[in-house]
Amino acid sequence: MDATEQTFDDVVLARSHERPVVVDFWAEWCGPCHALAPVLEGAIAERDGAVELVKVDVDTNTALAQQFGVSGIPAVKAFRDGRVVKEFVGAQSPTSVALFLDDLLAPRADTLVEELRASGDLPDVVAALDAGDLERALDLVVTAVPAAEREERERLRELAVALFERIGQDDPLVTGYRRRLASALY
């Protein structure tokens, strides 16, 4: 399906509240775009409707390309709940595209939280996430980093990064906690 500046809100943003929508920003003259298209289309078809593909021609929809910071193509952006949650630029291998989609459909944060729940580790973080309090969960994770042993620090970092992806990289909450995490790690 194609989207234009007039249809983008309905075709992408509104639908992304029902299921993830992957947007391929491309142009007719772009060789790597033509190389990526069948890989992306095939990988999405294999997921039986769990994710939708929408194509945006950047030459005819320059405002959309500008709005979403497209500076190189192909640029692929995954939307969930009306915002970008994952992205990549450039032609990718079938394996890379499959991993991108698998992570989109089963976000790493969900897997990590289930591991924490099963192990009984970080119960306050799990409780905050269960209550929908992402800010509290991030605060607990980032605050625990400086005192943690090396292996635990890496696990906390991985959890924080996964939560950043879940929330969306452009969210102000993520921006603040990304800085705090960097300070805590280094």
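Quick caveat: nothing in here was measured; it's all calculated off a predicted structure. Here, residues in each chain are numbered from 1, in the same order as that chain's written sequence. Note on the predicted model: pLDDT of at least 70 is required for a residue's local features to be given, and 80 or more for side-chain atom pairs to be given and counted; whole-chain, interface and lining totals, by contrast, use all residues. Excluding hydrogens and water, the side-chain figures rest on all heavy atoms present in the structure.

1. Quick word on the pairing of strand β4 (residues 83–89)
One ladder, built from six bridges, connects strand β3 (residues 75–80) with β4; its direction is antiparallel. Bridged to F79 within β4 is V84. When DSSP finds two or more bridges between two strands, those strands count as paired. Segments assigned H or I by DSSP are reported as helices when at least four residues long, segments assigned E as strands when at least two residues long, and all are numbered from the N terminus.

2. Looking at the sheet that holds β4
If you trace the four strands from one edge of the open sheet to the other, you get β2-β1-β3-β4, paired in mixed fashion. One side of each edge strand has no neighbouring strand; the edge strands of this open sheet are β2 (52–57) and β4. Pairs of neighbouring strands in the sheet enclose a mean axial angle of 25°, with direction left out of account. Under this scheme, a helix contributes an axis fitted over its contacting stretch, all axes are lines through C-alpha atoms, and angles between N-to-C directions fall in the 0 to 180 degree range.

3. Regarding helix α4 (residues 94–105)
Between its first and last C-alpha, α4 extends 16 Å over 12 residues, near the 16 Å set by a 1.5 Å rise per residue. Burial status follows relative accessibility: with a 1.4 Å probe on protein chains alone, a residue under 20% of its type maximum counts as buried, one over 50% as exposed, and anything between as partly exposed. Burial in α4 covers these residues: V97, F100, L101, D103 and L104. Projected onto a plane normal to the axis of α4, the buried residues spread over an arc of 160° and lie on a single side. Looking at α4, the residues exposed on the side facing more than 90 degrees away from the buried face are P94, T95 and L99. To estimate how far a helix should reach, multiply one less than its number of residues by 1.5 Å. By construction, the arc corresponds to the directions joining the helix axis to the C-beta atoms.

4. What about the layout of surface pockets?
Over the atoms, a rolling probe the size of a water molecule traces out where space has been left empty. In this structure, the largest pocket encloses a volume near 150 Å³. Computed over the protein atoms alone on a 1 Å grid, cavities are sets of points where a 1.4 Å probe fits but cannot get out and pockets are open sets with protein on both sides within 12 Å along at least five of seven lines; a residue lines them when it has an atom within 4 Å of a point. What lines the largest pocket is F68, K77, G82, R83, V84, E87, G168, Q169, D170 and D171. Looking at which element gives the most residues to the lining of the largest pocket, the answer is β4, with three residues. Residues are sorted three ways: Asp, Glu, Lys and Arg are charged, Ala, Val, Leu, Ile, Met, Phe, Trp, Tyr, Cys and Pro are nonpolar, and all the rest, Gly among them, are polar. In the lining of the largest pocket, the residues fall into two nonpolar, three polar and five charged. Grid points are joined across faces, edges and corners, and a volume is the space filled by probe spheres set on the points.

5. A closer look at helix α2 (residues 31–45)
Taking 1.5 Å of rise per residue, 15 residues should cover 21 Å, and α2 covers 22 Å from first to last C-alpha, within 8% of that figure. Here the bend at a residue is taken as the angle between two axes, fitted respectively to the seven residues that end there and the seven that start there. The sharpest bend along α2 reaches about 25° and sits at A37, with the proline P38 one to four residues further on. Of the residues making up α2, those classed as buried are C33, L36, A37, L40, A43 and I44. Close packing links the buried residues of α2 with β1 (21–26), β2, β3, β4 and α4. What makes two residues a contact is simply this: any of their non-hydrogen atoms within 4.5 Å.

6. Re the nonpolar core
Judged by nonpolar contacts, the single largest core of 27 residues is most densely connected at V125, L138, L159, F164 and L181. Among the elements of the structure, α5 (108–119), α6 (123–130), α7 (134–144), α8 (150–167) and α9 (172–185) are those that each provide at least two residues to this core. No other element matches α8, which puts seven residues into this core. Membership of the second largest hydrophobic core comes to 23 residues, among which are C30, V58, L64 and V84. For the purposes of this section, nonpolar cores are sets of buried Ala, Val, Leu, Ile, Met, Phe, Trp, Tyr and Cys residues that join through side-chain atoms within 4.5 Å.

7. Re the pattern of salt bridges
By convention in these notes, a salt bridge is any Lys or Arg side-chain nitrogen within 4 Å of a carboxyl oxygen on Asp or Glu. Considering all chains together, one arrives at 13 salt bridges under this definition. Two residues, E52 and R19, come together in a salt bridge whose shortest N-O distance is 2.9 Å. With E52 in strand β2 and R19 in the loop between α1 (8–14) and β1, this residue pair connects regions lying 33 residues apart in the sequence. The class for E52 is buried, based on a relative accessible area of 16%. Judged by its relative accessible area of 33%, R19 is partly exposed. Where D24 meets K55, a salt bridge forms, and the shortest distance between an N and an O atom there is 2.8 Å. Taken together, the residues D24 in strand β1 and K55 in strand β2 connect sequence positions 31 residues apart.

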